[in-house]
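Coordinates in review
Chain by chain, the residues run as shown.
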Amino acid sequence: MKLGIVGLPNVGKTTLFNALTGSKAETSAYSNAGAKPNMGTAKVPDERLDWLAEYYHPKKYSPATVEFVDVVGVSTGGGKGNEVFQTIRQVDALVEVVRCFDNDDIFLEKADAVRDAQSFELELILADLEIVERRLERAKKNAKSGDKKYKREVEMCEALIAHLEAEKPAREFEFTEEDQDILADGGLLTVKPVIYVGNLDENGMADWKADPNFSALADYAEKQGAAVLPVAAKFEEDLAELDEDEARMFMEDLGLTERGLDRLIKTSYDLLGYISFLTAGEDDVHAWTIVRGTKAPKAAGKIHKDIERGFIRAEIVAFEDLKNCGSMAAVKEKGLFRLEGKDYVMQDGDVTMFRFNV
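The shown structure was predicted, so the numbers you read here are calculated from the model rather than taken from an experiment. (Residues numbered from 1 in each chain as written. Predicted model: local features only at pLDDT ≥ 70, side-chain atom pairs only at ≥ 80, totals over all residues. Heavy atoms only, no water.)

1. What about the packing of helix 4 (residues 113-143) against helix 5 (residues 148-165)?
- Two elements in contact, helix 4 and helix 5, have axes separated by 9 Å at closest approach and are oriented at 155°. Taken together, the axes of helix 4 and helix 5 are roughly antiparallel relative to one another. Between helix 4 and helix 5 the crossing geometry is left-handed. Touching I125, D128, L129, V132, E133, R135, L136, A139, K140, N142 and A143 of helix 4 are Y150, K151, E153, V154, C157, E158, L160, I161, L164 and E165, all from helix 5.
- The residue inventory of the contact of helix 4 with helix 5, partitioned by class, reads 12 nonpolar, 1 polar and 8 charged. (Axes fitted to C-alpha atoms, helices over the stretch in contact; angles between N-to-C directions. Helix = DSSP H or I, 4+ residues; strand = E, 2+ residues; numbered from the N terminus. Parallel < 35°, antiparallel > 145°, perpendicular 65-115°, else oblique. Left-handed = near helix turned anticlockwise from the far one by under 90°. Contact = heavy atoms within 4.5 Å. Nonpolar A, V, L, I, M, F, W, Y, C, P; charged D, E, K, R; others polar.)

2. Some words on the nonpolar core
- Grouped together as the largest cluster of nonpolar side chains are 76 residues, with contacts concentrated most on L16, F68 and Y196.
- Ranked by residue count, the leading element in this core is helix 4, at 6 residues.
- Among all residues touching F68, those that are not within four sequence positions of it are L3, I5, F17, L20, T21, N38, M39, G40, A42 and I265. (Core = buried A, V, L, I, M, F, W, Y, C linked by side-chain atoms within 4.5 Å. Buried < 20%, exposed > 50% of the residue type's maximum accessible area, 1.4 Å probe, protein only.)

3. As for the packing of helix 1 (residues 13-21) against helix 11 (residues 260-272)
- Where helix 1 contacts helix 11, the axes come no closer than 10 Å and their chain directions differ by 90°. Relative to helix 11, the element helix 1 is oriented roughly perpendicular. On helix 11, the residues touching L16, A19 and L20 of helix 1 are L261, L264 and I265.
- Per-class residue counts for the contact of helix 1 with helix 11 are 6 nonpolar, no polar and no charged.

4. Examining the pattern of salt bridges
- This model, assessed by the stated rule, comprises 23 salt bridges.
- We note a salt bridge from E121 to R171, for which the minimum N-O separation is 3.0 Å. With a gap of 50 residues between them, E121 in helix 4 and R171 in the loop between helix 5 and helix 6 (180-184) connect regions that are remote in the sequence.
- Here K295 makes a salt bridge to D343, at a shortest N to O gap of 3.9 Å. You can see K295 sitting in the loop between strand 9 (284-291) and helix 12 (296-303) and its partner D343 sitting in the loop between strand 11 (338-340) and strand 12 (350-356), a full 48 residues away along the chain.
- Looking at K295, the relative accessible area reads 39%, which means it is partly exposed.
- In this structure D343 comes out as exposed when scored by relative accessible area, which is 61%. (Salt bridge = Lys/Arg side-chain N within 4 Å of Asp/Glu carboxyl O.)

Spatial relationships are all this shows, so hold off on functional conclusions.
Rendered as structure tokens:
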């Protein structure tokens, strides 16, 4: 899973990236550090894996990871040709950082989260418009052959152009089943799922529900069907430098029970339809990321293609059953240990052993 941290310049994207990944990327205002995207990974918090580690005392602990790309800020008014859009096209979803704080040393205007979110989306719409216009030109040339596929593509492109020109994102366009192949390789930016991160300062985070900018952003996100989270990126970056006890103390001062970064990663999983199955033993406890609805053999292939190829069965216990029973022996005694075949659809938290033969 690759998530792009995007937004306008100087809103806290790189600060959030550093907090998530433990990186030390330059964050000073108006620096050229963002000329190229920063890349890093973050561990996916999973209390289930922590419990399994306590149970098995493994030699290795392998949480799932998420790749983050810190994209240079998109300036408003740039429109077509902005080279950073190619980077954004390569990610699975957008984490859009929106300023909900004031800083007179950097910004001439007071924070207006909805204005900024709309401005950024307009830039993405303009980039999509350029892509679709080029595609329409090619489709019209190819349609002269009489091929119905290209005729349909012309119709779709013309309708989508009108939609984008009305300043509506492509995710709100009604694509038909016939459009799916066209959509899959179209490189459109505004079809990507979005998580809005309202970046507050420490004072704002202490009472984020009452912050007018965050409230307005939350309403805006709800109308779009998008996720939204309050985060104090600088505070999270500072927390990352502390040991666990100190971090917990500072969180308690703000009334926080969970790091904003943990919520962001979990929300990303939900947004993209991902789940984790778990493997556990004395050698390793490991979380494996799969798409919801994946069948057992395909999930086995995440570990090794030979396991998928020679799949015989999956031996499974739901994590909650294992935790409640306290031991694998108790799970088996209560009949909660299951043998599943090739048609079994994996569930989030399945503690699994695959049997195979190649």
